[in-house]
Amino acid sequence: MNHFLLGPPTKEKVSSQLAKKLNRHLFDEKKARLMRGKSSSKFPKGSTIFVQKCKTAPKRSVVLGCVESKVDIFKRNMKNFVKDIKYTESFEQNFREGLATAKEILQSEPCLIKDFQVLVDEKGRFYHLDFDRCFKPNDPGSKYEISKEESQKCLQTLDDIDKRLQNKLSIL
């Protein structure tokens, strides 16, 4: 399993310079756009945050997930993404292995389905993102509780994407 983490999280104090930078890059989910410098105090100077050193993501990559928005983005980007793939056989092998591993993980830890997302690079390798979504998954009524229908839908979505990608690769 690939990921971008290079070390454990550490606690850091937010300097005024870092606070400005973090607040400037906040994503406003309600309005679905960057706040672009509008005043925010999400990260005030002197507050404590956790940071984790990470590798940079590959330039040629696309995000894949089970929620509709990520599936739509992947489908839209797939045509341009696959046309530049040089070694389709190795891409397909890596993609299938990554998909099989992802499905195995999702079946053994269904709470990961809630915000499942991976980055797929131009060699077909999967990089898992956002592992922080399995807090108290078995609490009844928890927002992390996963129904059998949600689980089946996610796994079916991954199968559908595999078939769609296989069709795209076969015409290259």
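Residues numbered from 1 in each chain as written. Predicted model: local features only at pLDDT ≥ 70, side-chain atom pairs only at ≥ 80, totals over all residues. Heavy atoms only, no water.

Caption draft 1: Highlighting the pattern of salt bridges. One pass over the full model with this rule turns up four salt bridges. When the shortest N-O distance is used, the salt bridge between Asp162 and Arg96 registers 3.1 Å. Linking Asp162 in helix α4 (residues 148-170) with Arg96 in helix α3 (residues 88-108), this pair joins segments that are 66 residues apart in sequence. Looking at Arg96, the relative accessible area reads 31%, which means it is partly exposed. Between Lys103 and Asp159 there is a salt bridge, with its nearest N and O atoms 2.4 Å apart. With Lys103 in helix α3 and Asp159 in helix α4, this residue pair connects regions lying 56 residues apart in the sequence. Here Asp159 falls in the partly exposed class, since its relative accessible area comes to 26%. One network of salt bridges, with partners in common, ties together Glu92, Arg96 and Asp162. (Salt bridge = Lys/Arg side-chain N within 4 Å of Asp/Glu carboxyl O. Helix = DSSP H or I, 4+ residues; strand = E, 2+ residues; numbered from the N terminus. Buried < 20%, exposed > 50% of the residue type's maximum accessible area, 1.4 Å probe, protein only.)

Caption draft 2: View of the sheet that holds strand β5 (residues 61-65). One open sheet holds the three strands; their spatial order is β5-β6-β7, and the pairing between them is antiparallel. Here the strands that pair on one side only, and so sit at the sheet edges, are β5 and β7 (126-128). Neighbour to neighbour, the strand axes of the sheet diverge by 30 degrees on average, direction disregarded. One ladder, built from three bridges, connects strand β6 (residues 117-121) with β7; its direction is antiparallel. Paired with Val120 across the strands is Phe126, a residue of β7. Against the sheet, α3 engages β5, β6 and β7, with an angle of about 30 degrees to β7. (Pairing = 2+ DSSP bridges. Axes fitted to C-alpha atoms, helices over the stretch in contact; angles between N-to-C directions. Contact = heavy atoms within 4.5 Å.)

Caption draft 3: Spotlight on the environment of Asp84. Mapped onto the fold, Asp84 is located in the loop between α2 (68-83) and α3. Separated by 24 residues in sequence, Asp84 and Arg60 place their C-alpha atoms 9.3 Å apart.

Caption draft 4: Representation of the environment of Lys55 within the structure. For Lys55, the position within the fold is in the loop between β4 (48-51) and β5. Along the chain, Lys55 and Phe4 lie 51 residues apart, while their C-alpha atoms are 4.8 Å from each other.

Caption draft 5: The arrangement of the packing of aromatic side chains in detail. Overall, the coordinates contain three aromatic pairs when judged by the stated rule. With a centroid separation of 4.8 Å and 10 degrees between ring planes, the pair formed by Phe4 and Tyr127 is classed as stacked. With Phe4 in the segment before β1 (10-13) and Tyr127 in strand β7, the pair connects residues that are 123 residues apart, well separated along the chain. The pair formed by Phe4 and Tyr127 is uniform in burial state, with each residue classed as buried. Their ring planes at 65 degrees and their centres at 5.2 Å tell us that Phe95 and Phe126 sit as a pair that is edge-to-face. One end of the pair, Phe95, is in helix α3; the other, Phe126, is in strand β7, and 31 residues separate them in sequence. For the residue pair Phe95 and Phe126, the accessibility class agrees, reading buried in each case. (Phe/Tyr/Trp six-rings, centres within 6.5 Å; stacked < 30°, edge-to-face > 60°.)

Note that every value here comes from positions in space, so none of it alone points to a role or purpose.
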